[in-house]
Amino acid sequence: MTSMETRTIAVLRRPRSRSRSILSSIWFALGFPFFLLVLWGVWATISPQKFFPSPITIFQAFIKTWIGPAFVDDVLPSLLRLAVGIVLSIVVGIVAGTVIGLVRWLRDLLEPVLEFFRAVPPPVLVPILMLIFGPGDATRVIVIVAGAVWPVLLNTIEGVRSTDSVMTETARSYALTRWERLRFLVLPAASPRIMTGVRQSLSVALILMVISEMFNNSSGLGYRITYFQTNYLIPEMWSGILLLGLVGVLLATIFGIVERRVLAWYHGIKEVERA
Amino acid sequence: MRDTLLEVENLKKVYESSTGDVEAIGDISFTMKRGELVCIVGPSGCGKTTLLKCISGLLTPTAGRVELDGVAVKSPPPNMALVFQEYGRSLYPWLTVRGNVELPLKHKVKSKEERQKLVEDALLAVGLDHAAGSYPWQLSGGMQQRVAIARAVAYQPEVLIMDEPFAAVDAQTRADLEDLVRSLHRERGMSLLFVTHDIDESVYLGERVIVLSKSPTWVQEDLAIDLPDERDQITTRAMPRFTELRTHVYEQIQRAKRGEAVRPGA
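Residues numbered from 1 in each chain as written. Chains lettered and ligands numbered in written order. Predicted model: local features only at pLDDT ≥ 70, side-chain atom pairs only at ≥ 80, totals over all residues. Heavy atoms only, no water.

**Quick notes on the pairing of strand β2 (residues 22-33) of chain B**
Residues and elements named next belong to chain B. Condition: Here, any two strands with at least 2 DSSP bridges between them count as paired. Helix and strand assignments come from DSSP, with helices taken as H or I runs of at least 4 residues and strands as E runs of at least 2, each series counted from the N terminus.
Note that strand β1 (residues 4-15) and β2 share eight bridges and pair antiparallel. Bridge pairing links V8 to F30 in β2. Examined bridge by bridge, β2 and strand β10 (residues 217-224) share two bridges and lie parallel to one another. Across the sheet, the residue bridging to D27 is W218, located in β10.

**Considering the packing of helix α4 (residues 104-119) of chain A against helix α6 (residues 137-161) of chain A**
Residue and element names in this part refer to chain A. For clarity, the threshold we go by: In this description, a line fitted to the C-alpha atoms serves as the axis of each element, helices being fitted only across the stretch in contact, and the angle between N-to-C directions of two axes falls anywhere from 0 to 180 degrees. For any pair of crossing helices, the crossing counts as left-handed if the nearer helix is rotated counterclockwise from the farther one by less than a right angle, and right-handed if it is rotated clockwise. For this analysis, residues touch if any pair of their heavy atoms sits within 4.5 Å. Think of it as three bins: nonpolar holds Ala, Val, Leu, Ile, Met, Phe, Trp, Tyr, Cys and Pro, charged holds Asp, Glu, Lys and Arg, and polar takes everything else, Gly as well.
Relative orientation of the contacting elements α4 and α6 amounts to 145°, with a least axis distance of 11 Å. Helix-helix and strand crossings are classified by hand; for α4 and α6 the assignment is left-handed. Within the contact between the two elements, α4 uses R107, E111, L114, E115, F117 and R118 and α6 uses W150, L153, L154, I157 and R161. Residues that form the contact of α4 with α6 fall into these classes: six nonpolar, no polar and five charged.

**Re the layout of surface pockets**
Residue and element names in this part refer to chain A. Selection criterion: Method remark: on a 1 Å grid restricted to protein atoms, a set of points is classed as a cavity if a 1.4 Å probe fits but cannot get out and as a pocket if it is open with protein on both sides within 12 Å along at least five of seven lines; lining residues have an atom within 4 Å of a point. Grid points are joined across faces, edges and corners, and a volume is the space filled by probe spheres set on the points.
Estimates place the volume of the largest pocket at around 470 Å³. Forming the walls of the largest pocket are 13 residues, and the residues nearest its centre are P33, L37, W40, P55 and L242. Of all the secondary-structure elements, those providing two or more residues to the lining of the largest pocket are α1 (18-46), α2 (55-66) and α10 (234-262). If one sorts the elements of the lining of the largest pocket by residue count, α1 sits on top with six residues. Its residues placed into classes, the lining of the largest pocket shows 13 nonpolar, no polar and no charged.

**Quick look at the interface of chain A and chain B**
Applicable threshold: Accessible-area loss on putting two parts together, using a 1.4 Å probe and summing over both, is the definition of buried area adopted here. Only one rule defines a salt bridge in this text: a Lys or Arg side-chain nitrogen within 4 Å of an Asp or Glu carboxyl oxygen. A 3.5 Å cut-off defines polar contacts: any pair of N or O atoms within that distance qualifies, except that in protein one atom must be a possible hydrogen donor and the other a possible acceptor, and neighbouring residues in sequence count only when both atoms are side-chain atoms.
On the chain B side, the residues contacting the 30 residues of chain A number 39 residues. Between chain A and chain B, roughly 3,200 Å² of surface is buried when both sides are summed, and carbon and sulfur atoms account for 62% of that area. Taken together, the connections running from chain A to chain B amount to two salt bridges. Here D164 of chain A makes a salt bridge to R89 of chain B, at a shortest N to O gap of 2.8 Å. Linking chain A with chain B are eleven residue pairs in polar contact (both at pLDDT 80 or more), by the criterion used here. Only α7 (165-173), α8 (178-212) and α11 (264-274) of chain A provide two or more residues apiece to the side of chain A that touches chain B. When residues in the side of chain A that touches chain B are grouped by element, the largest group, eight residues, is from α7 of chain A. Residue composition of the side of chain A that touches chain B, by class: 17 nonpolar, seven polar and six charged.

**Re the domain arrangement of chain B**
Reports often express the size of an interface as the amount of accessible area lost when the parts come together. All names here are of chain B. For clarity, the threshold we go by: For every domain, the bounds stem from an assignment made automatically or drawn from a database.
Structurally, chain B comprises domain 1 (1-79 + 159-166 + 189-266) and domain 2 (86-156). A separation of 27 Å is found between the C-alpha centroids of domain 1 and domain 2. Across the contact, six residues belong to domain 1 and six residues belong to domain 2. When the two sides are added together, the surface that domain 1 and domain 2 hide from each other amounts to roughly 470 Å², 70% of it contributed by carbon and sulfur.

**A few points about the sheet that holds strand β4 (residues 63-68) of chain B**
All names here are of chain B. The ten strands lie next to each other as β5-β4-β1-β2-β10-β9-β3-β8-β7-β6, forming an open sheet whose pairing is mixed. The sheet is open, and its two borders are formed by β5 (71-72) and β6 (80-83), each paired with just one other strand. Alignment of strand β3 (residues 37-41) against strand β8 (residues 191-195), held across four bridges, turns out to be parallel. In the strand pairing of β8, L37 is matched with L192.

**Side note on the packing of aromatic side chains**
Stated precisely, the cut-off is as follows: Any two rings among Phe, Tyr and Trp, with Trp reduced to its six-membered ring, count as a pair given centres within 6.5 Å; such a pair is stacked if its planes are under 30 degrees apart, edge-to-face if over 60, and tilted if neither. Type-normalised accessible area, obtained with a 1.4 Å probe on protein chains alone, sets the label of each residue: buried when under 20%, exposed when over 50%, and partly exposed for intermediate values. Charge over a ring is defined by NZ of Lys or CZ of Arg lying within 6 Å of the ring centre and within 35 degrees of the ring normal.
Using the criterion set out here, one finds 16 aromatic pairs over all chains in the structure. Ring centres 6.3 Å apart and planes at 35° place the aromatic pair W43 of chain A and F52 of chain A in the tilted group. The exposure class assigned to F52 of chain A is partly exposed, which follows from its relative accessible area of 39%. Seen in terms of ring centroids, Y174 of chain A and Y155 of chain B are 4.8 Å apart; in terms of plane orientation they differ by 85°. Their pairing is edge-to-face. In this pair, Y174 of chain A sits in the loop between α7 and α8 while Y155 of chain B sits in the loop between α5 (141-154) and β7 (159-163), so the two residues belong to two different chains. Judged by relative accessible area, Y174 of chain A falls into the buried class, the value being 1%. Note on Y155 of chain B: relative accessible area 2%, which makes it buried. Ring pairs connect the aromatic residues W40, W43, F52 and W238 of chain A, which therefore count as one cluster. Over the ring of Y227 of chain A we find R224 of chain A, and its NZ or CZ is 5.6 Å from the ring centre.

Right, dumping it as structure tokens:
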């Protein structure tokens, strides 16, 4: 304990060589998928199967199917609906979650209902929502929000509710205004939980984007994949699935970048605690 | 200007619970003059923190009155600042040191430059001007508590209340922080109410030491500390008078623990 006062600022550990570690992490990230691809290619060549074409066939189908008008007609609208759905889920989830988390009686009133709605698998609601709102873009966005809002909402409630008591007393003793308390205490304190919710919401949103397009629709990624499926266009179907996977990876990457920025302090504390 | 800064009169706090009411504070009365440094000591579990929360308006007392500068305290007053024992939970880890110190000023001081000046000045006063851009969790425990003190100093309170602020830091850091408190009092004329369970600390720091009884609490003794104003860790603590005073307070605490002292009028 004698070094407490002399240790001025904890230095965060850094890898010895940055460039080397990036190279090796890229190698680790891509090496295994590459190995799987090769394995798949060899297997498909040795024993050709109709439903499992070789990766080269799929790759060719990918270029033929998605690069061109299909990108504008199917991929972009899907991604747009996905983006709007995700943004709406996050905004609605955080705003409603903060209000519910802060107002005790509202929380007691709503929590059982919210748990129920979260437990309902969202895909079963798709036909009902289609009936109510009609088959349009708005309905598809509503489907996404109806499923993806819950993780953000419930995590925000939990995060807002568990604000540290000493931090709250500090805010009270310095007579912080309501807005200051929200902006500088409640929301940042809840942000690790909120980000956990957002991460879960992203995957739910992607699933619902696909499902919302499988019902009486004429465009979109999900529609295309179902179309290829029912018409035995197997390489094209696989290329659609590949594209979905890539969208998922893209979402995770964007999330990672945002999360590192928003929760820089949180990861910093964790690193200091580990050191 | 009034001479009396803080007035506590017949303060009583009873916690109600389903298993029966607990009387934490029986009847506490004392006053504190402007510019004084008053220490409060008492046996552990005597309701020191409850007392401070009542004084600072975070808790509503069951009975009695608290007045700061002639105004009854109902909620945390703007001319009072608090330093908590749990510095790690009192500073906001998502704000830098500067951000933490500046936060309470945001609605109090409108001009950004003036705010900046107050922050710089407060950080300088606690010797942390070099760490303004760091985050609290990058600092040692003692330095984090300095940040909390800087935040209170920048707030420019009439009275600074500290709740066992150094209970969680090591002995050497503690001595440094005690001297910091002394210098804030001496050089800036700050009025300080300092709660501690450490008898030596109370005698070393205070101009007055208020000894509390065990719960339900009342003021067992209000002792003037007649040590010279200029104090330092080695010579002051070596003075025969220091030893006498700490022995006296120690005996009082022992009596308080055994419940030997009898509450007047009770």
